[in-house]
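Observations on the model geometry
Spelled out, the chains give:
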Amino acid sequence: MVHIIVVGAGLAGQSAALTAARQGGQVTLIYPGESMVLSAGSSQLAQGGVAAAIGADDSPSAHAEDTVKAGAGMVDPQAARYLTEAGRQAINQLLDQGLPVDRQVDGSVDFALEAAHSLPRVVHAGGDRTGAVMHQFLAQQVEANPRIQQVPGQKLHRLLTKEGAVCGLVTVDATAPAGEGEEFTYQADAVILATGGYCGVYGRSTGARQATGQGALAAAQAGALLADMEFVQFHPTVLAGTGCLISEAVRGAGAVLVDAQGQRFLSAIDPRGELAPRHVVAQGVHRALEETGQVWLDARGISGLTQEFPGITAKLRSQGIDWENQLVPVAPAAHYCMGGIYTHQAGRTTVPGLYAVGEVARTGVHGANRLASNSLLEAIVYGQAAGADAVRAESTTQASWFPAAKGTQGAGSPTLEVDVSAAQLFDGIGAVCATEPNPDIDAAVRAALDRGLGIERSATSITATYQELQKLPGALSALGQIIAAAALAREESRGAHRRQDFPLTDPAQAAPRLIRVTF
Ligand SMILES: Cc1cc2nc3c(=O)[nH]c(=O)nc-3n(C[C@H](O)[C@H](O)[C@H](O)COP(=O)(O)OP(=O)(O)OC[C@H]3O[C@@H](n4cnc5c(N)ncnc54)[C@H](O)[C@@H]3O)c2cc1C
């Protein structure tokens, strides 16, 4: 029987594990917390919902079109088509299985409108607790599946390779003090990485602190290419001074943004105002903050506000804010990573035997800017695709494993070589030296990224951050150096990547940039 290891128990990992097990594989699911829910991924934090073209007036092609438009010239149209078609099927299937989504009084699904969607298509659950509801729903299915063996309390340390293919991995006890955890070795026919994104390398971030791109680093060390690491999406409406997200769905329901003088400012930037694509709104908020010192979200006019958004209401109340009657101070924060491990449709990376799904992967569906609520969909759809492919894949030759020549976006694109040996992660023969977190160094890394690689960057700010990071050892610093190198190489502004020194979009650069890392 084929043995598949899935690393990470967010929606992508759950989806991959369930599909691989249902297709006849024996699955080992590894995650660092005591349980799937306590493993602190971003999935449980997702508020707004999951975008899916399941409405009577909707179609996968309309959804794909919106996805391509939001991605600022970088979305792989084939991937967008696949996401939206397979996504419709996947979400309908979850509804058939009883996923408890919010419904209208007549029993039909209650679709929300979010920025840059041409019509309401965002399916939500528990009001603003969509991620937690979906995660819990899939967790129950994982628990009930006898082919999935759960391994809690362990985290990925490094991947094992044999003759150029991944054949297993080494984990470390995640519950032991840093540097003292016991190591465990696993062999597998295939490994699926579902370890989430890397927004946690920023100081101001909405995601799990642990989302620091460890899966991407492990993959890169095993020889996999990364791509598009410069594209980090900043969410425009995060409670100022915290990581507490206020979903785009609140603006979809009618909330507006005003500056320190109480003036709305977004319609002067984009006719879609508060519902312009996320990078446009984030940049507008960033500039209004710099110019006027304050930006407020005004949700006071929305009827049924606290019933529709119970989770956000509770978080704001815990900070002493009654948003039915008060304005909410907001600022942007790092929220989602479009870059990651370079994969093609079924989640295959450039290394045979290794898959990447969910936010750790760069599939081409988000381009330079993710369309709101497309990432939960991506986690489910690509988790399913990789789970199924891993069970049936036999070929381990590079050419048949990753048929780049057959139209995979990025084939033939320039490859950026990034040397992170200054971070002292490996000793030259593959042994890990310094991946354990060091709070002081990690805080310095996060501050450096906030300073030099935020919403607006320039060669000067990126280089200053890069030089600072080169003096800091550790995994966070290595990840930061990769982001900096990619951001420096992209000499244009596109989607979430805004260069003050290159403010225009350059059509010649509308291609993914592949990244090979040397350790
Ligand atoms: C506040 C917030 C709100 C959001 N709202 C939405 C929304 O409404 N709609 C939407 O589509 N998207 C939303 N997103 C984005 C979306 O939640 C994520 O992109 C998606 O959930 C990622 O799923 P994932 O399974 O890839 O990763 P995650 O859910 O982050 O799971 C990663 C898993 O990997 C584990 N892991 C990490 N490192 C290791 C390691 N070294 N070894 C072993 N395990 C490891 C983690 O513990 C976790 O179990 C939101 C994100 C945030 C932060």
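Source: prediction; values computed, not measured. (Residues numbered from 1 in each chain as written. Predicted model: local features only at pLDDT ≥ 70, side-chain atom pairs only at ≥ 80, totals over all residues. Heavy atoms only, no water.)

Focus: the overall build of the chain
Inclusion rule: Segments assigned H or I by DSSP are reported as helices when at least four residues long, segments assigned E as strands when at least two residues long, and all are numbered from the N terminus. The atom set for the radius of gyration is the C-alpha atoms, and the globule formula is 2.2 Å times the number of residues raised to the power 0.38. In what follows, a contact means two residues having at least one pair of non-hydrogen atoms within 4.5 Å. Residue burial considers only the protein chains on display, and all accessible areas are found by Shrake-Rupley using a 1.4 Å probe. Residues counted as positive are Lys and Arg, residues counted as negative are Asp and Glu, and His and the chain ends are not counted. Where a charge lies is defined by one atom per residue type: Lys uses NZ, Arg uses CZ, Asp uses CG and Glu uses CD.
Broken down by element type, the chain carries 14 helices and 22 strands. Over its C-alpha trace the chain gives a radius of gyration of 21 Å, about what one expects of a compact globule, namely 24 Å for 519 residues. In terms of overall dimensions, the chain has C-alpha extents of about 60 × 55 × 45 Å along its principal axes. Put simply, 72% of the contacts in the chain that link residues at least 6 apart link residues at least 24 apart. In the structure as shown, the chain presents an accessible area of about 19400 Å², 50% of it carried by carbon and sulfur atoms. Positive and negative side-chain charges of the chain, numbering 36 and 49 respectively, have mean locations separated by a distance of 3 Å.

As for the sheet that holds strand β15 (residues 328-337)
This is how the line gets drawn: For two strands to be treated as a pair, DSSP must find at least two bridges joining them. Every axis corresponds to a line fitted to the C-alpha atoms, with the helix fit spanning only the stretch in contact, and the corresponding angles, defined between N-to-C directions, vary from 0 to 180 degrees.
Spatial ordering of the open sheet is given by β12-β15-β14-β13, a layout of four strands whose pairing is antiparallel. Only two strands of the sheet have a single neighbouring strand rather than two, namely β12 (232-239) and β13 (256-259). Strand after strand, the sheet turns through a mean of 45° between neighbouring axes, direction not considered. Relative to strand β14 (residues 295-298), β13 runs antiparallel, the two being bridged by four bridges. What sits directly across from L257, in β14, is L297.

Brief notes about the environment of D228
Quick reminder of the rule: Exposure classes here rest on a 1.4 Å probe applied to the protein chains alone. A residue is buried below 20% of its type maximum, exposed above 50%, and partly exposed in between.
Position of D228 relative to the elements: it lies in the loop between β11 (226-227) and β12. For D228, a relative accessible area of 2% gives the class buried. Separated by 52 residues in sequence, D228 and V280 place their C-alpha atoms 19 Å apart. In this structure D228 touches M74, Y198, M338, G339, R362, R490, P512, R513 and I515, once residues within four positions along its chain are discounted.

Regarding the pairing of strand β2 (residues 26-30)
Most of β2 is tucked away: four of the five residues are buried. The sheet contact formed by strand β1 (residues 3-7) and β2 spans five bridges and is parallel. Bridge pairing in β2 links V6 to L29. One ladder, built from four bridges, connects β2 with strand β6 (residues 148-151); its direction is parallel. Each bridged residue has a counterpart across the sheet, and for T28 the counterpart in β6 is Q149.

So, the confidence of the model for the chain
Our working definition: As a per-residue measure, pLDDT tells how confident the predictor is, with possible values from 0 to 100.
Of the residues in the chain, 96% reach a pLDDT of 70 or more, and the chain-wide mean stands at 93. Both scores are given for the predicted complex: the pTM is 0.95, the ipTM 0.99.

Quick word on the sheet that holds strand β3 (residues 50-51)
With antiparallel pairing, three strands are arranged side by side in an open sheet as β3-β5-β4. Taken across any chain shown, the strands that pair with only one partner, and hence form the sheet edges, are β3 and β4 (111-112). Summarising the sheet, β3 and strand β5 (residues 122-123) pair through two bridges and their orientation is antiparallel. By the bridge assignment for β5, A51 is matched with V122.

Digging into the site of the ligand
To be explicit about the condition: Think of it this way: one heavy atom of a residue within 4 Å of a molecule or strand is enough to make that residue near it. Polar contact is defined as a pair of N or O atoms within 3.5 Å, subject to the rule that within protein one atom must be able to donate a hydrogen and the other to accept it, and that residues adjacent in sequence are counted only when both atoms are side-chain atoms. Under the scheme applied, nonpolar residues are Ala, Val, Leu, Ile, Met, Phe, Trp, Tyr, Cys and Pro; charged residues are Asp, Glu, Lys and Arg; polar residues are all the others, including Gly.
Looking at the ligand, there are 34 residues lining it, with S39, S43, G49, E359 and S375 nearest. One nitrogen or oxygen atom from the main chain of S42 is found 2.8 Å from an oxygen atom belonging to the ligand. Of all the secondary structure elements, the ones that give two or more residues to the shell around the ligand are α1 (11-22), β7 (154-162), β15 and α10 (374-392). Counting residues per element, the shell around the ligand draws most heavily on α10, at three residues. For the shell around the ligand, the class distribution of residues is 12 nonpolar, 19 polar and three charged.

Things to note about the pattern of salt bridges
Side-chain pairs of opposite charge can arise whenever the charged atoms involved come near each other. Operational definition: Within this document, salt bridges are pairs made up of a side-chain nitrogen of Lys or Arg and a carboxyl oxygen of Asp or Glu, the two lying within 4 Å of each other.
Per the stated rule, a full pass over the model turns up 19 salt bridges. Note that E230 and R490 form a salt bridge whose closest N and O atoms lie 2.6 Å from each other. Within this pair, whereas E230 is found in the loop between β11 and β12, its partner R490 is found in the loop between α14 (475-489) and β21 (498-499), the two being separated by 260 residues in sequence. Given the relative accessible area of 0%, R490 is considered buried. With a closest N to O distance of 2.7 Å, E492 and R490 form a salt bridge. Neither residue differs from the other here; E492 and R490 are each classed as buried. Put simply, E230, R490, E492 and R494 are held in one network by salt bridges that share partners.

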